[in-house]
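So you can see what is in the structure, the chains are spelled out below.
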Amino acid sequence: MASHPVDLATWPRAAQFRFFRTYDRPHYAVTSRLDVTAVMARKATGLSPYRACLHAIGVGIHAVPELCMRFRGENVVRHDMITLSMTVPTQAGSFGYAYVPFVADFTSFDLQAQALIDRTAAGADLAPNDGERDDLAYLSCMPWLDYTAINNALPGPQDCIPRVTWGRIVDHGGRFDMAMTLEVHHALVDGAQVGAYFAAVQDALRAF
């Protein structure tokens, strides 16, 4: 998929971009609780809550242009499509990284995601991103914990790939929710964009 240069002369966040590029610790993480009652209601019909969450995350990322932006030196580009890269437990007892291109149609996305995740689970390679790609978002599910906050291992202040984590789904007497965290680089993403992401993800989760 194509990427497009962002015109810093007209981009409203250009000053913030330059300012936060000087920080040693420019990343921040926000955790919010999301309602997944509609998703869990369809679990008995064969819907995978995990892959439903993957798709909703993809919807949220693509709803916010800044989450599709990446550095190019002192410039910025915006990708048309972001590939979702998630950790997958392997049959050997470790984990590997799967790479699932986002597709807006859930049925198509679901079939593709299941095949690519199954392939990763059966393999033995870690397959980490070697740094050549930045058209990614890194995803990780923590189904063991209903956590309140989390952050990620980051290689340094130049890494601007968003990270998304989500936790155990909790039953509140027939209403289900879970924690989700978005971790971003402040040079590209402000609180308003984080709020827009969570709103888009919540709408997608309620639409199942």
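Rules used throughout
- Residues numbered from 1 in each chain as written.
- Predicted model: local features only at pLDDT ≥ 70, side-chain atom pairs only at ≥ 80, totals over all residues.
- Heavy atoms only, no water.
- Phe/Tyr/Trp six-rings, centres within 6.5 Å; stacked < 30°, edge-to-face > 60°.
- Buried < 20%, exposed > 50% of the residue type's maximum accessible area, 1.4 Å probe, protein only.
- Helix = DSSP H or I, 4+ residues; strand = E, 2+ residues; numbered from the N terminus.
- Contact = heavy atoms within 4.5 Å.
- Core = buried A, V, L, I, M, F, W, Y, C linked by side-chain atoms within 4.5 Å.
- Axes fitted to C-alpha atoms, helices over the stretch in contact; angles between N-to-C directions.
- Left-handed = near helix turned anticlockwise from the far one by under 90°.
- Nonpolar A, V, L, I, M, F, W, Y, C, P; charged D, E, K, R; others polar.

Pulling in residues and values, what's your account of the packing of aromatic side chains?
Taken as a whole and judged by the stated rule, the model has 10 aromatic pairs. Seen in terms of ring centroids, Phe95 and Tyr97 are 5.6 Å apart; in terms of plane orientation they differ by 85 degrees. Their pairing is edge-to-face. Judged by its relative accessible area of 39%, Phe95 is partly exposed. Its relative accessible area of 26% is what places Tyr97 among the partly exposed residues. Every member of this aromatic cluster is reached through a ring pair, and the members are Trp11, Phe17 and Phe71.

Account for the environment of Cys160, naming residues and giving values.
By the element assignment, Cys160 lies in the loop between strand S7 (136-142) and strand S8 (163-167). Residue Cys160 is classed as buried on the basis of its relative accessible area, which comes to 9%. Linking Cys160 and Met69, residues 91 residues apart in sequence, is a C-alpha distance of 8.4 Å. Ignoring any residue separated from it by four or fewer positions in sequence, one finds Cys160 in contact with Met69, Arg70, Phe71, His185 and Leu188.

Explain the nonpolar core residue by residue, including any values.
Membership of the largest hydrophobic core comes to 58 residues, with the highest contact counts inside it found for Met180 and Tyr197. Residues within four places of Met180 in sequence aside, it is in contact with Val30, Thr31, Ser32, Leu34, Ile57, Tyr147, Val164, Thr165, Trp166, Tyr197, Phe198 and Val201.

Report on the packing of helix H3 (residues 49-62) against helix H4 (residues 106-122), specifying residues and quantitative values.
At a closest axis distance of 10 Å, the pairing of H3 and H4 adopts a crossing angle of 115 degrees. Of the two possible hands of crossing, H3 and H4 adopt the one that is right-handed. Residues Tyr50, Arg51, Ala52, Leu54 and His55 of H3 form the contact with H4, whose participating residues are Phe106, Phe109, Asp110, Ala113, Gln114 and Ile117. For the contact of H3 with H4, a count of residues per class yields 7 nonpolar, 2 polar and 2 charged.

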